[in-house]
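Chain residues, written in single-letter form:
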Amino acid sequence: MYLLASRTGNGEILVTALDAAGAPTAPAERLTQLDFPAFVAAREPAGPRWVWDDTSRWSPALLAAGIRVRRCHDLRLCHAILRGSELTRASELAGRAPGRWDRAAALEAAVPQGATLFDLASGDDEPADDDTMAEFLRQFQAVASCPEPGRLRLLLAAESVGALIAAEMHFAGLPWRTDIHDRLLTAELGPRVAHGTRPERLEQLAGRIRDELDDQVFNLDSQQELLKALQRSGLMATSTRAWELKKLEHPVIEPLLEYKKLARLLSANGWYWMDTWIVDGRFHPEYVPGAATTGRWGASGGGPLQLPRQVRGAVVADEGWKLVVADAAQLEPRILAALSADTAMAAAGRDTDLYAGIVASGVVETRDQAKVAMLGAMYGATTGESGRLLPRLARAYPRALGLTEAAARAGERGDIVTTRLGRSSPRPGESWQATQAQAYDPAATDGDERRARSQARDWGRFTRNFVVQGSAAEWALCWMAEVRRELWSLRGTEAPDRPAAFAATPHLVFFLHDEVIVHTPVALAGEVEQIITRAAATAGRLLFGDFPVDFLLTAATVDSYAEAK
DNA sequence: CGACCCTGCGCG
DNA sequence: AAAGCGCGCAGGGTCG
């Protein structure tokens, strides 16, 4: 049932089989690191759940050996969830002093960097053999004794399979055509030049800007110098932000905005970026499950979650392959409707664009209004058009808006809120508490009270959004897990020239909060699209049972990411 | 010189 | 302080 793997102090691996109650069923087996992949491959057909400290440390060697595991339990990720969850607050695990399971993954994985070698040598970071086991049992207990164990079991499984997917996507990489990327850059910026020098097009724009501002020497790339130069020319700019510059009337504005746009392209996704991050036609970023407190993923290594539309044309399927690009339409409002059991809001999104449905119900006049009002409800807008439209939304959807309001009030009090599957928000820090306490002091000034109120509202907007964003992240994990599981069953038609077994069949290559990309042989693209669509419905049922809410997708089978809207 | 903060902007 | 959440990254600037 469970196979618990841990490393011993001398670099060997211990594997202990546990039954469904967490009790060992046989003596531990001792393996070398070299033997481990074959051992995993031999055990995998029985469908075990592998238990280990950190998937990002165990996966690379397995994937390099062409081996994938179906299920795991990532102790570090699950620990973070269980430590903070409202549902397990009475557990032994939640009450313990912070220890090695609370430390950042970076610290634990940083052995080769050198900087932390001293810490490692002087500490006890290499776990004793029984530490991994003890932690697993504490987690097991915490879940078993909580009020609704089913929610957390699903969350921990989803979080852990997410870690497997993150490692697999890193390994497989996103198909990337450097020749197309180069053409695209050349068309925008001019021919490639050495790193650190301005391409032709930027140089021309810089010249125009200098002429318009009548200043040939200032450094365009310094915000401070640029701002001063603008002000010397009589422009009433208070910052160099694009949206603020747009409001100004002056011949320098047009070339300046163009310069900023292209300079950004060059520095964020230019040739230097391409040389650094694209290897053998693949982009291999690190994905970091649970990086945001809401449960959303983070990522690093080339900024994959900020991939601008400008360069998506370089993401192109291999010859004979396709990209299936799918994103969940209006995911967060749909999540909110289901969370609050707001049947009217759910009905507005049935079989249609949810914002269009709100318009059709006569709540507001335009799709744009519906969207800005919904975002305002979920983010806590108070002013502007969004603020003005909120009362209409509240009348039509009292349950949904009631939920976001309640979440905001909880945060303003310093209370925690919890997602659908049981991830809870962090408590505000000490300085937050201190500021609140100060406002209650008899000697408090108006300033103290204002500061405390404003800070409380800030935290309220965070908790308001946490419930929705966090539950949406859970839906997305379940969706992706289901996609992975179904794609797995399409094996048996491997392309022989592929490096590893799973990259020879349809596989996930990208994930962006509510959007996935699957790279697939052409012949299977239709089936992949169906799998992704079915998986969305399955994820909805996993989170919300029979509650009648649709999770619509926009899915497209394309050669290039740029073709998908 | 590195470590850190700030600004601005890309994504959802 | 962009009305309103969550991130990561690059580049300039400052400090020790």
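**Describing the domain arrangement of chain A**
Link 1 in the chain: When cut into domains, chain A gives domain 1 (2-172), domain 2 (179-274) and domain 3 (288-413 + 463-565).
Link 2 in the chain: The straight-line distance from the C-alpha centre of domain 1 to that of domain 3 is 28 Å.
Link 3 in the chain: Between domain 1 and domain 3, the contact holds 20 residues from the first and 19 residues from the second.
Link 4 in the chain: For the pair domain 1 and domain 3, the two sides together bury roughly 1,800 Å², of which 76% comes from carbon and sulfur.
Link 5 in the chain: Summed over the three residues of domain 1 that lose the most area to domain 3, namely Arg68, Ile165 and Met169, the buried surface amounts to 34% of that side.
Link 6 in the chain: One can count one salt bridge joining domain 1 with domain 3.
Link 7 in the chain: A salt bridge links Glu168 to Arg484; its shortest N-O distance comes to 2.6 Å.
Link 8 in the chain: The tally of links from domain 1 across to domain 3 stands at three residue pairs in polar contact (both at pLDDT 80 or more).
Link 9 in the chain: The biggest single contributor to the side of domain 1 that touches domain 3 is helix 8 (residues 149-172), with 14 residues.
Link 10 in the chain: Grouping the amino acids of the side of domain 1 that touches domain 3 by side-chain chemistry returns 14 nonpolar, two polar and four charged.

**Some words on the pattern of salt bridges**
Link 1 in the chain: On inspection of all chains with the given rule, the structure shows 35 salt bridges.
Link 2 in the chain: For Arg57, the salt bridge identified is with Asp53, shortest N-O distance 3.5 Å.
Link 3 in the chain: Close ionic contact of Asp559 with Lys322 constitutes a salt bridge, the shortest N to O distance being 3.0 Å. Linking Asp559 in the segment after strand 14 (553-558) with Lys322 in strand 11 (residues 321-328), this pair joins segments that are 237 residues apart in sequence.

**Focus: the sheet that holds strand 8 (residues 282-283)**
Link 1 in the chain: Spatially, the three strands line up as an open sheet ordered 6-8-7, and their pairing is antiparallel. Both edges of this open sheet fall to strand 6 (174-175) and strand 7 (278-279), since each of them pairs with a single strand only.
Link 2 in the chain: Across two bridges, strand 6 lies against strand 8 in antiparallel orientation. Residue Leu174 lies in a different strand from strand 8, and its bridge partner there is Phe283.

**Quick word on the state of the cysteines**
Link 1 in the chain: Applying the stated criterion across every chain yields a total of zero disulfides.
Link 2 in the chain: Its sulfur unpaired, Cys72 is 7.9 Å from the next cysteine sulfur, which belongs to Cys78.
Link 3 in the chain: Judged by its relative accessible area of 2%, Cys72 is buried.
Link 4 in the chain: The cysteine Cys146 is free of any disulfide, with Cys78 supplying the nearest cysteine sulfur at 13 Å.

Thresholds applied
- Sequence order sets the numbering: in each chain, residues are counted from 1 along the sequence as written.
- For naming, the first written chain is A and the first written ligand is 1, with later ones following in the order written.
- Given that this is a predicted model, residues contribute local features only at a pLDDT of at least 70 and side-chain atom pairs are listed and counted only at 80 or more, while totals for whole chains, interfaces and linings are drawn from all residues.
- Processing note: side-chain calculations cover all non-hydrogen atoms of the structure and skip hydrogens and water entirely.
- As annotated, the domain borders come from an automatic or database domain assignment.
- Contact criterion: two residues are considered in contact whenever any of their non-hydrogen atoms come within 4.5 Å of each other.
- Two parts placed together each lose some accessible area under a 1.4 Å probe, and the buried area is that loss summed for both.
- Whenever Lys or Arg places a side-chain nitrogen within 4 Å of a carboxyl oxygen from Asp or Glu, that contact is recorded as a salt bridge.
- In protein, a polar contact requires one atom able to donate a hydrogen and another able to accept it; more generally it is a pair of N or O atoms within 3.5 Å, and residues adjacent in sequence count only if both atoms are side-chain atoms.
- Per the convention used, a helix needs a DSSP run of H or I reaching at least four residues, while a strand needs a run of E reaching at least two, with both numbered from the N terminus.
- The nonpolar class holds Ala, Val, Leu, Ile, Met, Phe, Trp, Tyr, Cys and Pro. Asp, Glu, Lys and Arg form the charged class, and all remaining residues, Gly among them, are polar.
- Whether two strands pair comes down to DSSP finding at least two bridges between them.
- What counts as a disulfide here is a pair of cysteine sulfur atoms lying within 2.5 Å.
- Relative accessibility under 20% of the residue-type maximum defines a buried residue, over 50% an exposed one, and the middle range a partly exposed one, all with a 1.4 Å probe and only protein chains included.

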